Amino acid sequence: MKKETYFHHLYKISLAAGKVALLVFILWPEAAFSQVKDKALWQPFRVTERSGNQHIELSGEGWSLGHADQPIKNTSELKALKDVFSTSVPNSVHWSYFKAGKLPHPYYHKNSLQYTWLDEKAWYYRRSFKLPEKGADDYVFLCFEGVDYFSKVWVNDSLVGVHEGMFGGPTVEISRFLKAENEIVVEVRAGNWGNKATYYENLPRSASGEFDYSKRTGYNPRASGKIIKPWVISGGSGGEPFFSVGMWQGVRLEVVPKVHLERPYLTTTDLKGLNNLQSATLHLSLELLANEASTNLSLHPWVNAQLDHPNNYGQKFEPVTENYTVQFEMLSGTTSALKQTWQVNLTKGRNWLEKDIALPNPKLWNPTGLGKAELYEVKITLLKEGKTVDNLRFTYGVRRIEYLPTAGERTRDRWDNWQFVINGKKLFVKGMNFTPQDILLDLNRERYRWTLEAAKKMGVQLIRIWGGGLLETQHFYDLCNELGIMVWQDFPIGNQDTPDYPQDVWEAQVVQNIVRLRNHPSLAIWCGGNEFNAYSLGNAASLGIIERNLKLFDPSRVFKRTTPDHGAIHTYPDMDPIWYNRSYAKAPWISETGMHSIPEAGVFYETVDNKEFTDLGKMWDKEFYKTHPELIHHFTEYGPGRVPRMLSRASHITDVTDPSIDAISEASQVGAGEFYQIFSEKIQGNYPVTAGLMPWVFKRHWPVIAIQLMDWFGHAGAPYYFLKRTYEPTHVAVDLERMLWKAGEKINLPVKITHAQTQPIKGAQVSVTVLDDSFKSLWHQQKPVTIKAGPSVNALQTGDFQIPADYRDRFLLVLTELKDAAGKLISRSFYYPRVLSKMEDAAFYDDYTTKPIEWITLDKGPWLKPTVAKSVTHCQLAVVNHEKIDAQHSRITVRVKNEGNLPAFMTKVDISGTKRAIVASDNYSWLAPGESRQITLDVLWREPETQNNAKVSFSAWNSPKTEVKL
């Protein structure tokens, strides 16, 4: 019998034997236990974090790391480890090697090739620690939050068990092994141990020039077999050069008395008087364990057995004689909002406390745009004879999320209610998809903060954690709680059937994470995973485990079996984006859509051999990869069949026949930005039939060409700003019928104003102006409008514009503005429809206007940037304030003014002279003649020591750059 199979077999026998057998197992003396090599540690019951002296953090520095070619048999072999060096935890082995200076940066050039051997070794982490303060009978739990993937744990040379799975555990009670001075050793092996895949760049190429993945042998990330690991970090699409391994999450000790608290679950069941909120009803479910460690218990037997079949004598109850009370307190800041105490009567084993709690005058947790994200600190204390013996603390937000049917007709089975109602308020949900912060799992809190604050500034209300990625970290959820961002959490099933998943390991991972995450107010939706068939024979067991455990452990949240499903759609069309409110007019939810672009050129100047920046207009050529190996290495899902859809949009912006890396980067971003702007406006304008949008994707997990709003370094690209403007609380848009026209046609110019706020806007004015591509005004209309209380879509007809009969192969510039009763600008949008002689071809005209077709390439123009650059204006820049937040972060406020007589088009604030990432309050925008604006730049100094060289610049496509030294 294979070793892994034996582990499962042993565990199932133990579970089938029940609680008593497991207790006998635990009570064996140390000498006997040390001979039990294969004790399986995966189990569903997570040990909750404590605070104060009860919690000992073992993460951080103080670890060593070394490797062996094959797993060791006992700790005496550790002296033979190779290349032992100091490292920190959490970390992947890859980042440990880079941070120790042993290998070059894994994301630069093709340095990933120097890391390919790491997943072939057995890795050994070691650290020492002193005996924690503890009572003679206290439990001491050693808790690992995530080890990727196979692991063994030794404490003071005793093997305490083995573990599988990267999303929680192992957790083991170790008090019997402890001495004054202690050592932990953790063996870690990659999920592809003994089954490594063919390196992808060694695969043959098909006739189109793409890799032939059908010839790949070994581990298949899209058919992972018995390994529960998401494909993006295990050599799947977009991450082919990497296979993660290591202790990627933290390690802690929890000192817990024999009678102790566990796994609190707090829910908001009612809000009374929402318009004049008086109280909230909460429900607390709390476990209390008496002389029992829950890690010893089973959730249920894994073999055929009756689950609850007592004998004639019934269950034996052994009462706990001491006097125990539970104290529950909620604090708002430092002020106690509520305190209650309950006497508890306990018997040996597991006990539950269930209480309804009335919270007076509650402060509500709201997502972005609906109010403050108010948080409480919950303190639960166990007192024995009036003295504190155990305590739990967690952050909680009072909020209710409900769902109503959307307004459209139901068109298929499994049609869920998609209209979000949060704390009694309806909304169109402005969402975003999220892949892992880093493909090699460098997931520190500050990187998360930078990314998530940028999402909040963009107006994002809901982030979907994609099923090809992670069950996210505590940092991620804590920050979403703070920032008011709801979370849609996929489980890590992506694009595969899972008939071989070890169900005991899978259930342990599922339950641990449900319990870990369920008190976070930001968590809104659970989902089974990404783009897999939740109804296939191969996935029935995996989905059944999720559904039954959500019903048990978190019935308060909605569950989607997969996405796309339940009425939600994924779509990546190559068409005029105006079709989004036609082709998908009845879809209640868009859960994925987007367009490729190339991140800013600086990414590639830094990571790719600059000699490869030639012949970039031939990316679709099947021989392109031969002369551009590093660029293709950094091109997610590269294939000559996919590149044209990106280049065709760039070809409307500039000549892409033979562009520079700077030109193709900017053109592809602006081309994608236009796409994001229009599909967002069309989808939001379809409310209340469509109730939410989650574009793909916010940030990339390493520096690549792909679909993204923010690059791996944290710099926001043009699509970020185009989409951000559509996510503002009140947004004005011209509801264009199409983007391509012919000379002499009439363009109807209706306006739609999407409004999210609950108060109406009276006395506002809407204007629409049409200009030619030299900024000469051709047509103008202005009308009053009253904007209904939100969420609302307010439609307004402004009239028709007749295109001149001789206006060919040129752009029109369409500008719409919404101003309040005092004349203050609320919202502005601009467009650049094309008037093409190609539209005079009757066959093409009919094809394009009657159905969505592939976006056309403009090989010979017109090109937007060189066209508008001919009509020059002049702008001025001044730095108003430079706030140094810390060594790596600044907030810079600038004032820009257009002093010319023409609009400044595609304005851009930037910083040069140092490596930086920027998130601006606006960029790639329109600045009217005489207009002055204040723009804020949040800056991440990637090389803080060189920030004194930094210069702030302001430019537009038709205005020379002006620079100011900081």
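The model shown is predicted, which means the values in this text are computed figures rather than measured ones. Along each chain, numbering runs from 1 in the same order as the chain's sequence is written. Where totals are concerned, whole chains, interfaces and linings use all residues; where local detail is concerned, this predicted model gives features only for residues with pLDDT of at least 70, and gives and counts side-chain atom pairs only at 80 or more. The basis for the side-chain values is all heavy atoms of the structure; hydrogens and waters are excluded.

Some thoughts on the nonpolar core
Soluble globular proteins: nonpolar side chains tend toward being buried together. The following threshold applies: Throughout, nonpolar core names a set of buried Ala, Val, Leu, Ile, Met, Phe, Trp, Tyr and Cys residues whose side chains join them through atoms within 4.5 Å. The rule is simple: take the accessible area with a 1.4 Å probe, protein chains only, and divide by the maximum for that residue type; under 20% is buried, over 50% is exposed, in between is partly exposed. Runs of E in the DSSP output that reach at least two residues are strands. Runs of H or I that reach at least four are helices, and both are numbered from the N terminus.
Judged by nonpolar contacts, the single largest core of 233 residues is most densely connected at Leu 142, Tyr 832 and Phe 905. Considering every element that reaches this core, the biggest residue donor is helix H14 (residues 661-684), with ten residues. Grouped together as the second largest cluster of nonpolar side chains are 32 residues, Val 326, Trp 342, Leu 346 and Ile 357 included.

Some remarks on the packing of helix H5 (residues 445-458) against helix H6 (residues 474-483)
Rules: Angles shown run from 0 to 180 degrees and are taken between the N-to-C directions of axes, each axis being a line fitted to C-alpha atoms and, for helices, limited to the stretch in contact. Left-handed is the label given to a crossing in which the near helix is rotated counterclockwise from the far helix by less than a right angle, and right-handed is the label when the rotation is clockwise. Between two residues, a contact is recorded if the distance between any of their heavy atoms is within 4.5 Å. Residues are sorted three ways: Asp, Glu, Lys and Arg are charged, Ala, Val, Leu, Ile, Met, Phe, Trp, Tyr, Cys and Pro are nonpolar, and all the rest, Gly among them, are polar.
Across the interface, H5 lies against H6 with an axial gap of 10 Å and an inter-helix angle of 35°. Seen from above, H5 lies across H6 with right-handed handedness. Seen from H5, the contacting residues are Arg 445, Tyr 448, Arg 449, Leu 452, Glu 453 and Lys 456; seen from H6, they are His 475, Phe 476, Asp 478, Leu 479, Cys 480, Glu 482 and Leu 483. Residue classes in the contact of H5 with H6 are distributed as six nonpolar, one polar and six charged.

Section: the state of the cysteines
The criterion, for reference: We call a pair of cysteine sulfur atoms a disulfide whenever their separation is within 2.5 Å.
Taken as a whole, this structure holds zero disulfides when the rule is applied. Cys 527 provides the cysteine sulfur closest to Cys 480, a residue in no disulfide bond, and the two sulfurs are 17 Å apart.

Section: the pairing of strand E19 (residues 419-422)
Convention followed: Pairing between strands is defined by DSSP: at least two bridges between them are needed.
The side-chain alternation of E19 yields two buried faces, one formed by Gln 419 and Val 421 and the other by Phe 420 and Ile 422. Of the pairings in the sheet, the one linking strand E18 (residues 401-404) to E19 comprises four bridges and is antiparallel in character. Its bridge partner being in E19, Leu 404 is matched across the sheet by Gln 419. Bridging between E19 and strand E20 (residues 425-427) involves three bridges; their strand directions are antiparallel.

Here we look at the sheet that holds strand E2 (residues 60-68)
Taken in spatial order, the six strands line up as E3-E2-E4-E9-E6-E7 in an open sheet, and their pairing is antiparallel. If you trace the sheet from one side to the other, it starts and ends with strand E3 (82-89) and strand E7 (158-163), each paired once. Across the sheet, the axes of successive neighbouring strands diverge by a mean angle of 25°, strand direction being ignored. Inspection of the sheet shows E2 paired to E3 by five bridges, in the antiparallel sense. Each bridged residue has a counterpart across the sheet, and for Trp 63 the counterpart in E3 is Thr 87.

Coordinates in, geometry out; function isn't part of it.
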